[in-house]
Amino acid sequence: MSTGNIPLFELDVAVPSQLYMIEYSLVERGSLPFVPDFLLKLLHVADFLPQEVAHFFGFSRKELDHALTGFFSSGEVEYRKDGKLGLTAKGHALFADTDTSPMRESIANYRKPFCFDLLTFSYLGNNSKSGRDSRTLRLKVDQEQVAESQSLAKESFQRNIHDIYKKGHLVKGAPQGGTPEIYKFSDCSKRKDFVEKIPEVLSLNAATYQFEFEDRDGLPESETYIRARTEALSAACGSNNISQISKVADLLEDEFTLRLIQDEGLNADRLASLAIDELQGHGTESERRRLYGSLQLQRNWQDIFEKLKSTLKSDKTETAELIWLAPSCHELWGKCERHGQALSEVYELFSKHQSGINGFKVYVPLPDDRDKRAKNIARRENAEAGKRLFGFVESELLSSVEILLLKDKFVLVLYHFTDSRRYPAPVPIGFFSQSAQDLARVNSLMAGALGEYTEAGAPRDLGPL
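For clarity, every value in this text was computed on a predicted model and none was experimentally measured.

**Description of the overall build of the chain**
Reasoning step 1: Looking only at helices and strands, the chain has 15 helices and 18 strands in total.
Reasoning step 2: Here the C-alpha atoms of the chain give a radius of gyration of 33 Å, more than 25% beyond the 23 Å that 2.2 N^0.38 yields for 465 residues.
Reasoning step 3: In terms of overall dimensions, the chain has C-alpha extents of about 110 × 50 × 50 Å along its principal axes.
Reasoning step 4: Taken over 465 residues, the chain has a buried fraction of 48%.
Reasoning step 5: Taking contacts inside the chain between residues at least 6 apart in sequence as the whole, the part at least 24 apart equals 74%.
Reasoning step 6: Of the accessible surface of the chain, which amounts to about 23,300 Å², a share of 47% is contributed by carbon and sulfur atoms.
Reasoning step 7: Each charge sign in the chain was given a centre, from 58 positive and 68 negative side chains, and these centres are 6 Å apart.

Here you go:
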């Protein structure tokens with residue numbers, strides 16, 4: 001990590017895409033076999049008598065006639081009035097692009113798969129890499145474009161033919177020379193729908209104090225893609241939640257986080273300075289170790305999971321209870337590939353521990369206890385948790401925090417700052433602590449909220465999903 005780029009939130013963006021089977025013919029220029037190549041090279045230098053050419057190659061007259069038959073038929077070699085062999089204008093044209101080797105044009109037919117996204121119709125390659133859009137932010141595409149997708153894919157194929165050729169996807173073998181010319185299209189038919197997953201990382205630039213996505217080549221640099229991503233994020237990110245975070249930070253006596261809040265938002269200057277110090281190992285000594293960025297970020301997860309693993313290993317005979325509670329202030333929690341990997345690692349760890357898998361619970365928020373669609377989405381996006389997935393009706397007090405609590409051992413709290421006007425995606429900031437006071441405060445906060453009843457009189461804790 002560079003000092004000017006502090007990763008804070010990772011998510012996978014899904015772009016609806018299609019695979020097409022395209023049939024096409026190309027005008028290709030290729031070199032000739034060894035003997036024909038040298039025959040033409042010789043006659044390109046000057047005209048020669050047949051016996052001189054035969055002597056040069058060690059041919060009999062019959063062998064020479066056989067070697068020249070194809071060139072006579074194609075009109076590239078002829079007999080002059082003086083009896084010498086020479087190249088016609090068509091024969092000399094074979095050397096149009098080079099003075100050393102003749103190149104002959106031919107028509108080659110192909111039938112190959114090509115993939116294009118339905119948002120910008122950028123070329124994605126010759127095979128679909130993914131098909132599921134769970135745990136992603138799915139972008140919307142224009143339905144008129146979807147209806148005209150085959151003709152748009154054909155246009156994109158023509159527009160991107162040079163890049164397709166350079167990638168080795170257009171013709172057989174490795175690319176050589178210039179891009180072949182398209183002779184004709186025979187067919188372009190849709191064969192498969194899939195999504196192109198694009199990993200995105202929101203970072204804080206320590207030089208400009210701007211929250212921005214890291215630059216990437218290809219589809220992510222398209223203005224159309226950026227506009228669609230912005231619209232999707234605005235709908236999923238949630239409103240300003242400073243008041244909720246301030247309330248929780250006050251209850252947890254987290255003065256550090258409260259000092260980062262300024263003018264209804266985060267003090268990016270102070271945040272950047274403190275984050276760099278902490279991530280470079282120069283942070284202030286405290287019972288609370290500050291955390292910057294989502295739990296699933298590699299640098300955070302690697303450290304926290306190692307602590308979890310070592311704690312369980314040292315307490316093999318004890319009953320371990322771990323609760324992982326998700327925030328409800330935005331719709332992007334867990335929408336990245338690492339989320340599934342993290343769930344799998346914890347599930348496997350507890351399945352081998354003395355306390356068994358029942359010591360592990362993942363709590364996800366739901367709008368209410370009767371929302372079947374929300375429950376199905378939660379099950380699909382947290383499939384690795386299996387029967388250890390629990391639900392709770394959204395709570396205003398817990399809405400902005402993510403908690404990982406290993407009972408009596410340690411606690412992790414992440415405040416998810418949201419405000420689509422200020423941050424393109426959620427900004428998680430918090431702390432890790434083994435302090436008994438912090439454990440007690442967080443446990444009281446979570447147990448109190450989950451133990452409540454909703455306005456409809458239903459328990460907030462919905463139990464296993």
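From this point on, the discussion continues.
**Notes on the sheet that holds strand S14 (residues 389–393)**
Reasoning step 1: On the basis of which strands lie adjacent, the open sheet formed by eight strands has the order S11-S17-S16-S15-S12-S13-S14-S18 and mixed pairing. Two strands close off the open sheet at either side, each with one partner strand: strand S11 (288–292) and strand S18 (461–464). Strand-to-strand, the axes of this sheet are offset by a mean angle of 15 degrees, without reference to chain direction.
Reasoning step 2: Where strand S13 (residues 360–366) lies against S14, five bridges are found, and the strand directions are parallel. Of the residues in S14, the one forming a bridge with proline 365 is phenylalanine 392.
Reasoning step 3: Contacting strand S12 (322–325), S13 and strand S15 (401–406), helix H13 (residues 337–351) crosses the sheet at an angle of about 145 degrees to S13.

**Some thoughts on the packing of aromatic side chains**
Reasoning step 1: By the definition in use, this model includes 19 aromatic pairs.
Reasoning step 2: When the centroid spacing of 5.2 Å and the interplanar angle of 50 degrees are considered together, the rings of tyrosine 24 and phenylalanine 157 count as tilted. In this pair, tyrosine 24 is assigned in strand S1 (residues 6–31) and phenylalanine 157 in helix H6 (residues 149–159), connecting sequence segments 133 residues apart.
Reasoning step 3: The exposure class of tyrosine 24 is buried, given its relative accessible area of 1%.
Reasoning step 4: Pairwise contacts between aromatic rings join Tyr20, Tyr24, Tyr110, Phe114, Phe116, Tyr123, Phe157 and Phe185 into one cluster.
Reasoning step 5: Lying over the aromatic face of phenylalanine 431, arginine 288 brings its terminal NZ or CZ to 4.6 Å of the ring centre.
Reasoning step 6: Positioned over the ring face of phenylalanine 432 is lysine 307, at 5.5 Å from the centre of the ring.

**What about a positive patch on the surface?**
Reasoning step 1: A cluster of basic side chains, namely Arg132, Lys197, Arg373 and Arg380, defines a positive patch on the protein surface.
Reasoning step 2: Mapped onto the fold, arginine 132 is located in the loop between strand S5 (123–125) and strand S6 (137–138).
Reasoning step 3: Among the residues examined, arginine 132 registers a relative accessible area of 55% and is labelled exposed.

**Looking at unusual backbone geometry**
Reasoning step 1: A positive phi angle, near 55 degrees, is found at phenylalanine 121, a position not held by glycine.
Reasoning step 2: Of note in the backbone geometry, arginine 135 takes a positive phi value of approximately 60 degrees without being a glycine.
Reasoning step 3: Turning to its location among the elements, arginine 135 is positioned in the loop between S5 and S6.
Reasoning step 4: We classify arginine 135 as buried; its relative accessible area is 14%.

**Thoughts on the pairing of S15**
Reasoning step 1: In terms of residue burial, S15 counts as a mostly covered element, since six of its six residues are buried.
Reasoning step 2: Side-chain alternation along S15 places Val401, Ile403 and Leu405 on one buried face and Glu402, Leu404 and Leu406 on a second face that is also buried.
Reasoning step 3: Bridge analysis of S12 against S15 gives four bridges, and the strand direction is antiparallel. Its bridge partner being in S15, isoleucine 323 is matched across the sheet by leucine 405.
Reasoning step 4: Here S15 runs beside strand S16 (residues 410–417); their pairing, made up of six bridges, is antiparallel.

**Looking at the pattern of salt bridges**
Reasoning step 1: Here the structure, examined in full by the defined rule, presents 23 salt bridges.
Reasoning step 2: Of the charged contacts, one joins arginine 288 and aspartate 254 as a salt bridge, the two residues approaching to 3.7 Å between their closest N and O atoms. Of this pair, arginine 288 sits in strand S11 while aspartate 254 sits in the loop between helix H9 (242–251) and helix H10 (255–260), and the two are 34 residues apart along the sequence. As far as the burial class goes, arginine 288 and aspartate 254 line up, both buried.

**Points about helix H2 (residues 50–57)**
Reasoning step 1: The complete set of buried residues in H2 reads Pro50, Val53 and Ala54. Buried residues of H2 fall within an arc of 100 degrees about the axis and therefore sit on the same side. Turned more than 90 degrees from where H2 packs its buried face, His55 and Phe56 sit exposed.
Reasoning step 2: Positive phi appears at glycine 58, one or two residues downstream of H2, with a value of about 75 degrees.

**Focus on H6**
Reasoning step 1: Those residues of H6 that fall on the buried side of the exposure criterion are Ser149, Ala153, Ser156 and Phe157. Along H6, the residues classed as buried sweep out an arc of 105 degrees about the axis, all on the same side.

**Brief notes about the nonpolar core**
Reasoning step 1: With 82 residues, the main nonpolar core has Phe211, Tyr415 and Phe417 as its most contacted residues.
Reasoning step 2: The dominant element in this core, judged by the number of residues it contributes, is S1, at ten residues.
Reasoning step 3: Non-local contacts of phenylalanine 417, meaning those with residues more than four positions away in its chain, are made with Asn241, Ile242, Ile245, Thr257, Ile261, Leu266, Tyr423, Pro426, Val427 and Ile429.
Reasoning step 4: Counting residues in each nonpolar core, the second largest holds 29 residues, with Trp301, Phe305, Leu322 and Val362 among its members.

**Looking at the side chain of arginine 290**
Reasoning step 1: By the secondary structure assignment, arginine 290 is in strand S11.
Reasoning step 2: Side chain to side chain, arginine 290 and aspartate 254 meet in a polar contact 3.3 Å long.
Reasoning step 3: Of the polar contacts made by the side chain of arginine 290, one reaches the side chain of threonine 257; its length is 2.8 Å.

Parameters and conventions
- Residues numbered from 1 in each chain as written.
- Predicted model: local features only at pLDDT ≥ 70, side-chain atom pairs only at ≥ 80, totals over all residues.
- Heavy atoms only, no water.
- Helix = DSSP H or I, 4+ residues; strand = E, 2+ residues; numbered from the N terminus.
- Rg over C-alpha atoms; globule rule 2.2 N^0.38 Å.
- Buried < 20%, exposed > 50% of the residue type's maximum accessible area, 1.4 Å probe, protein only.
- Contact = heavy atoms within 4.5 Å.
- Areas by Shrake-Rupley, 256 points an atom, 1.4 Å probe, with all protein chains shown as cover.
- Lys, Arg positive; Asp, Glu negative; His and termini not counted.
- Charge placed at Lys NZ, Arg CZ, Asp CG, Glu CD.
- Pairing = 2+ DSSP bridges.
- Axes fitted to C-alpha atoms, helices over the stretch in contact; angles between N-to-C directions.
- Phe/Tyr/Trp six-rings, centres within 6.5 Å; stacked < 30°, edge-to-face > 60°.
- Lys NZ or Arg CZ within 6 Å of the ring centre and 35° of its normal.
- Patch = residues over 30% accessible without salt bridge, like charges linked within 9 Å, V, L, I, M, F, W, Y side chains within 5 Å.
- Salt bridge = Lys/Arg side-chain N within 4 Å of Asp/Glu carboxyl O.
- Arc of directions from axis to C-beta.
- Core = buried A, V, L, I, M, F, W, Y, C linked by side-chain atoms within 4.5 Å.
- Polar contact = N/O pair within 3.5 Å; in protein donor to acceptor, adjacent residues only side chain to side chain.

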